[in-house]
Amino acid sequence: MRRNAAKAAASLLLAAALVACAPSMPRPVGFADLPGWAGDAQAEILPALRASCAAIASLPPDRALGGTGPTLRTAASLAPACAELDTLPSGDTAARAFLERRFTPLALGEGTLTGYFEPELRGSLRPGGAFVTPLHARPPSLVEADLGSFVPDLRGRRVAGQVREGRLHPFPDRAAIVAGALRGQGLELAWVDDPADAFFLHIQGSGRVRLDDGRVLRLGYAGWNGHPYFAVGRALVEQGVLAREAVSMQSIRAWMGQAGPAEAAALMARNPSYIFFRRLDLPPEAGPIGTLGAPLTPMRSIAVDRTQVPLGLPVWVAGTDPLTGGPLRRLTVAQDTGGAIRGPARADLFTGWGAEAAERAGRMRDPAALFLLVPRQP
């Protein structure tokens, strides 16, 4: 998620400090310690890695890609590996040798692997009939601040709000926006026919809207209202409606359908975070654009906590595929971020688009071990 710097109120800085996650200490390991390393098709990661290199090439060499302590890396640290990509022979053997020569694995620990996808919604460029739920562009009054610009210990932590009389104030939350707080400002990009679809689009961060005239509108993340993300599945667990292990996008949707529109709206309002979008000019076969500025690759791109894991670097994931129940062992690239992704061993796997991607992402919430591949020093 991209933010613009602005001065934050002291109370907001203190709140962010209290919720900041304390990083665990990564430890160096060998490639033989990565579960299933020899069984992956590492050549499949090269297009995603090249896309990362292309995005990073435009950055100043000393620009921090993210991370902290032993994981902190700058754009310059990837330059030697990126240069070699252009001359790399094809095939998994060459790709694996390249990765083992240019990178060193760091064990980040065990955490939770979730999934996200690019949903497709039904919509219209004009309101009317069933199309009454708007998807909004970023409001001009929205200001986002990188707290690390003011307090070094808060590097990577951000707030958003609106400036009134020289001070940063909270932006309207989800409930206020749904009630019409932004009405009349001309911010509507499209109207969709299902408020639950719009809600889950906010969670995914990007999507496709199939318009009533047959065209497809691609939307990507453009901003956030500054309110913390709340997982509505937790509310259903607290109410005794769902067991913790049964929470998934599918089970939440099923409950909404059974409870009715009013109860569903009340549940969605529990999450005060609200996402704004922008139009993307992308071909149908391309993935959405992640935080790094590179297109996401299905099953090879992940969202991470950039305060712990630098964007652009490879990450080995050892988890479970929720559709098959078998092991999920694959190399990914950290190319995106997410409001709910916090901690060094926390990742969100981009599963793609379509029915299978939605099913896999909605059910993916399993323990996983993560290993960050950091560039070797020249």
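As a convention, each chain's residues are numbered from 1 in the sequence order in which they are written. Predicted model: local features are reported for residues with pLDDT of at least 70 only, side-chain atom pairs are reported and counted for 80 or more only, and whole-chain, interface and lining totals are derived from all residues. Values shown for side chains rest on all heavy atoms present in the structure; no hydrogens or waters enter the calculation.

Here we take up the overall build of the chain. Check the secondary structure of the chain and you find 10 helices and 18 strands. Atoms counted for the radius of gyration: C-alpha only. Globule rule: 2.2 Å times the number of residues to the power 0.38. In terms of C-alpha radius of gyration, the chain reaches 21 Å, essentially the compact-globule figure of 21 Å for 378 residues. Taking the principal axes of its C-alpha atoms as reference, the chain extends roughly 60 × 50 × 45 Å. In the chain, buried positions account for 52% of the 378 residues. By the convention used here, residues are in contact when the closest approach between their heavy atoms is within 4.5 Å. Look at the contacts in the chain between residues 6 or more apart in sequence, and 78% of them connect residues 24 or more apart. For every accessible area listed, the method is Shrake-Rupley and the probe measures 1.4 Å; residues are considered covered only by the protein chains on display. Carbon and sulfur atoms make up 54% of the accessible area of the chain, which totals about 16800 Å². Here the positive residues are Lys and Arg and the negative ones are Asp and Glu; neither His nor the chain ends is included. Working definition for charges: the position is that of NZ of Lys, CZ of Arg, CG of Asp or CD of Glu. Measuring between centres, the 40 positive side-chain charges of the chain sit 4 Å from its 34 negative side-chain charges. The helix count covers DSSP runs of H or I at least four residues long, the strand count covers runs of E at least two residues long, and both are numbered beginning at the N terminus. Accessibility here uses a 1.4 Å probe with only protein chains present; expressed as a share of the type maximum, an area under 20% marks a residue as buried, one over 50% as exposed, and anything in between as partly exposed.

A residue counts toward a patch only above 30% relative accessible area and without a salt bridge, and it is joined to like-charged neighbours within 9 Å or, for Val, Leu, Ile, Met, Phe, Trp and Tyr, to nonpolar neighbours within 5 Å. Salt-bridge detection follows one rule: a side-chain nitrogen of Lys or Arg within 4 Å of a carboxyl oxygen of Asp or Glu. Together, Arg 234, Arg 244, Arg 270 and Arg 365 line one region of the surface with positive charge. For Arg 365, the position within the fold is in strand β18 (residues 365–375).

The next thing to look at is the side chain of Asn 271. Within the secondary structure layout, Asn 271 lies in the loop between α9 (261–269) and β13 (275–280). Classification of Asn 271 by relative accessible area gives buried; the value is 2%. What qualifies as a polar contact is a pair of N or O atoms within 3.5 Å, subject to a donor-acceptor requirement within protein and to the restriction that residues adjacent in sequence count only when both atoms come from side chains. Here Ser 273 takes part through its backbone nitrogen, which lies 3.3 Å from a polar atom of the side chain of Asn 271. Setting aside chain neighbours within four positions, we find Asn 271 in contact with Arg 174, Phe 199, Pro 228, Tyr 229, Phe 230 and Val 232.

Attention now moves to the side chain of Arg 96. Relative to the helices and strands, Arg 96 is located in helix α4 (residues 92–102). Although Arg 96 is buried, it makes no salt bridge; Asp 92 carries the closest opposite charge, 5.2 Å away. A distance of 3.4 Å separates the side chain of Arg 96 from the backbone oxygen of Ala 38, its partner in a polar contact.

The next point concerns the pattern of salt bridges. For the structure shown, the criterion picks out 15 salt bridges. Across the salt bridge formed by Arg 122 and Asp 193, the nearest N and O atoms sit 2.7 Å from each other. With Arg 122 in strand β5 (residues 120–124) and Asp 193 in the loop between β10 (188–192) and α6 (195–204), this pair connects stretches of sequence that are 71 residues apart. For Arg 122, a relative accessible area of 49% gives the class partly exposed. According to the relative accessible area criterion, Asp 193 is partly exposed, its value standing at 23%. When salt bridges that share partners are traced, they join Asp 40, Glu 44 and Arg 300 into one network.

Among the secondary structure elements, Leu 85 is positioned in helix α3 (residues 79–85). With relative accessibility at 2%, the residue Leu 85 sits in the buried group. Excluding its chain neighbours within four sequence positions, the residues that come into contact with Leu 85 are Leu 46, Leu 49, Arg 50, Cys 53 and Phe 98.

Here we take up the sheet that holds strand β7 (residues 143–146). Strands belonging to one sheet form pairs held by backbone hydrogen bonds; the direction of such a pair is parallel or antiparallel. Pairing between two strands requires that DSSP report at least two bridges joining them. Judged by pairing direction, the sheet is antiparallel, and its three strands sit side by side in the order β7-β8-β9 without closing on themselves. Two strands close off the open sheet at either side, each with one partner strand: β7 and β9 (167–169). The average undirected angle you get between the axes of adjacent strands in this sheet is 55°. Bridging between β7 and strand β8 (residues 158–164) involves four bridges; their strand directions are antiparallel. Looking at the pairing, Glu 144 lines up with Ala 160 of β8. Every axis in this analysis is a line fitted to C-alpha atoms, fitted for helices over the stretch in contact. Angles between the N-to-C directions lie between 0 and 180 degrees.

This paragraph deals with α6. Within α6, eight of the 10 residues are buried, which leaves the element mostly enclosed by the surrounding structure. Where α6 starts, the residue carrying a side-chain oxygen 2.8 Å from the main-chain nitrogen of Ala 196 turns out to be Asp 194.

Approximately 540 Å³ is the volume attributed to the second largest pocket. Looking at the second largest pocket, it is lined by 29 residues, and the ones nearest its centre are Thr 133, Val 178, Pro 195, Ala 265 and Met 268. When residue character is reported, Ala, Val, Leu, Ile, Met, Phe, Trp, Tyr, Cys and Pro are called nonpolar, Asp, Glu, Lys and Arg charged, and the others, Gly included, polar. Considered class by class, the residues forming the lining of the second largest pocket number 18 nonpolar, six polar and five charged. A cavity, in this analysis, means grid points on a 1 Å lattice covering only the protein atoms where a 1.4 Å probe fits yet has no way out; a pocket is instead an open set bounded by protein on both sides within 12 Å along at least five of seven lines, and a residue lines either one if it has an atom within 4 Å of a point. Grid points are joined across faces, edges and corners, and a volume is the space filled by probe spheres set on the points.

So yeah, pure geometry; function would need other evidence.
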